[in-house]
Amino acid sequence: MEKRRTVPVRLDVDSDDDVLLRETVDEFLWTANYVTRHAFEGEYVTTSKTTLHDDTYEDVRDEGRLHSNHVQAARNKAADACKSVVERRKQAKKASIPHFTSPHLVYDHRTATFHNDYVSIATVAGRIEADYVLPDKERDTPHSAYFFSDEYETTGAELHYRNGNWMLHIHCKRNVETDTSEQATTENGTVLGVDLGVNNLAVTSTGTFWTGEEFDHWRREYEKRRGDLQQCGTRWAHENIESIGRKEEGRFKITLHRISNELVNEARETECSVIAFEDLTDIRERTGASWGHKWAFNRLYEYVEYKAAEYGIEVEQVDPENTSRRCSTCGFTHPDNRQSESFECLKCGYENHADYNAAKNIGLRYLRRNQTGDDGGAPVGVRLNSGTLNVNGEHEPPASLEA
Ligand SMILES: [Zn+2]
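Summarised in this report is the structure supplied together with it. This structure is a prediction, so every number in the text was calculated from the model and none was measured.

What counts and how
Residues numbered from 1 in each chain as written. Predicted model: local features only at pLDDT ≥ 70, side-chain atom pairs only at ≥ 80, totals over all residues. Heavy atoms only, no water. Axes fitted to C-alpha atoms, helices over the stretch in contact; angles between N-to-C directions. Helix = DSSP H or I, 4+ residues; strand = E, 2+ residues; numbered from the N terminus. Parallel < 35°, antiparallel > 145°, perpendicular 65-115°, else oblique. Left-handed = near helix turned anticlockwise from the far one by under 90°. Contact = heavy atoms within 4.5 Å. Nonpolar A, V, L, I, M, F, W, Y, C, P; charged D, E, K, R; others polar. Phe/Tyr/Trp six-rings, centres within 6.5 Å; stacked < 30°, edge-to-face > 60°. Buried < 20%, exposed > 50% of the residue type's maximum accessible area, 1.4 Å probe, protein only. Lys NZ or Arg CZ within 6 Å of the ring centre and 35° of its normal. Salt bridge = Lys/Arg side-chain N within 4 Å of Asp/Glu carboxyl O.

**Some words on the packing of helix α2 (residues 49-63) against helix α3 (residues 68-90)**
For step 1, the next point in the chain: Where α2 meets α3, the axes come as close as 10 Å, and the angle between the chain directions of the two elements is 135°. In terms of axis orientation, α2 runs oblique to α3. Considering the relative orientation of α2 and α3, their crossing is right-handed. Packed against α2, whose contacting residues are K49, L52, H53, Y57, V60 and R61, the element α3 presents S68, V71, R75, N76, A79, D80 and K83 at the interface.
For step 2, the next point in the chain: Of the residues belonging to the contact of α2 with α3, the class tally is five nonpolar, three polar and five charged.

Pasting the structure below:
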C-alpha cells in the first residue's frame, strides 16, 4: 500500500526569478486553456490525451517557450478537466467549459530536481534554483519530516502563487508494510496522541492536521440562515430552522466520519495500539470552543472509538492539564511558551506548531500513566511522523534508519 503526503514549502525567489516564474505560469495557463478550447471545438468534447496532444502540441510549442514536459502537464490538466465536464453532463448536471486562472504550475521529475535545501525548476528560460524557507530547523516538524525522511520519495510538485509567496506543494510517497501477521506479533505498540481544537479540529502526534475551516464555514452559514429565519418569526420559519438544523447536522456527521476514518487509518498505518485523546469534559473552558465544537469533538471521539475497536486499537482519554503549555521536548511548562498557534519553549528553545506539540504531550501523558514496571504489552513510545518519542521525551529514529 502506498502512503502519500503533500508538503507545502515556501520558496525564496529573487525578483528576476519571480518574473520568470510569472511568465512560466502565464504560459502554462494559456496552454491549458488553449487545449481546453480546442477540446470543445468539435461536435463532441475531445478527452483523449493522445488526440489532444496530436492536435495541439505543435501549435503550443511554436507559440510559447514552455518546457515540453510543461506542455504535456498543461495538456493533461486540460484533458482531466474536460473529462469531468463530460462526466457531469452525462449525469445531466450543468458544467461550463473549464477556464484556468489560479496561478499554478505542475512539476515532475523532468522539470524539477529536489535537493536537501533547494529545488531546481524549469521556467520558460531554462532552470532556476530556489532555496526552501522552512518554518524551523527541527527535523520532526510536519513539514520537513516527510520530505527529509529517507522512507519517502518525492514524486512531483505543484507551484502556487499565493499572498505574495511562491509555494511548492511537494508530493511524497512511501510504501507501507501491510503484512498483517507482522503487525499481530508486534509486542509493544505505540500510542498516537490526538489534540482537538478550534483552528485545527484534530492534530496527531504523527503531524497530520485536519483543519476546522470546513466545519466553521458550515456553522457560520447555519447561524446566518437561522438568524434570517428567526427574524421572520413565523411558524413556517420555525420549522425551517429545524430542518436546516437536521441537514447541517447530517453534513457535519459526514465530515466527522471521514476524519475519524482517516484518523484510525493513521493509527493502523503507523502500527499504534492506542489512540489517546485529552479528557473532553471541560474542553470548552480550556479551548474556547463553542457548543457546536464540543458536539463535534464528542461525535469524533465516539466514531474513532468504535472504528478503532474493529482493529483492536484502544481509545483512551488522558488528563489534559498543561498539554498545550508544556514543552514536549524538555517538559518545561509555562503559559508564555505558547503564542496562539506557535509554540516556543522559553527554556530549551524548541519550536513547533502549538497543536502538534500538544498532540505529542497527550501521547506522552498516556505513556507515563501506563508505566507500571512490567511491560505487559503497554505501549512503549509515542508515534511521531518519523520515529517515536520514548517515555523520557527522547526521540528514537525509525528502526530502518538505525540499521
Ligand atoms: Zn523545552
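**Considering the packing of aromatic side chains**
Any aromatic ring pair is given by two values, namely how distant the centres are and how the planes are angled relative to each other.
For step 1, the next point in the chain: Scanning the model with the defined rule gives six aromatic pairs in all.
For step 2, the next point in the chain: Note on Y303 and Y306: the rings are 6.3 Å apart at their centroids and 75° apart in plane angle, and the pair reads as edge-to-face. Of the two residues, Y303 and Y306 both sit in helix α9 (residues 291-309), three residues apart, roughly one turn of that helix.
For step 3, the next point in the chain: Looking at Y303, the relative accessible area reads 6%, which means it is buried.
For step 4, the next point in the chain: The ring centre of Y311 lies 3.9 Å from the NZ or CZ of R268, which sits over that ring.

**Considering the pattern of salt bridges**
For step 1, the next point in the chain: Applying the stated criterion across every chain yields a total of ten salt bridges.
For step 2, the next point in the chain: One salt bridge in this structure joins E23 and R65, with 2.8 Å as the shortest N-O distance. Taken together, the positions of E23 in helix α1 (residues 15-39) and R65 in the loop between α2 and α3 put the pair 42 residues apart, joining distant regions of the chain.
For step 3, the next point in the chain: Between E302 and R299 there is a salt bridge, with the nearest N and O atoms lying 3.0 Å from each other. Separated by three residues within a single helix, E302 and R299 lie in helix α9, roughly one turn from each other.
For step 4, the next point in the chain: The exposure class of R299 is buried, given its relative accessible area of 18%.
For step 5, the next point in the chain: Here the residues in one salt-bridge network are E23, E27 and R65, joined through shared partners.

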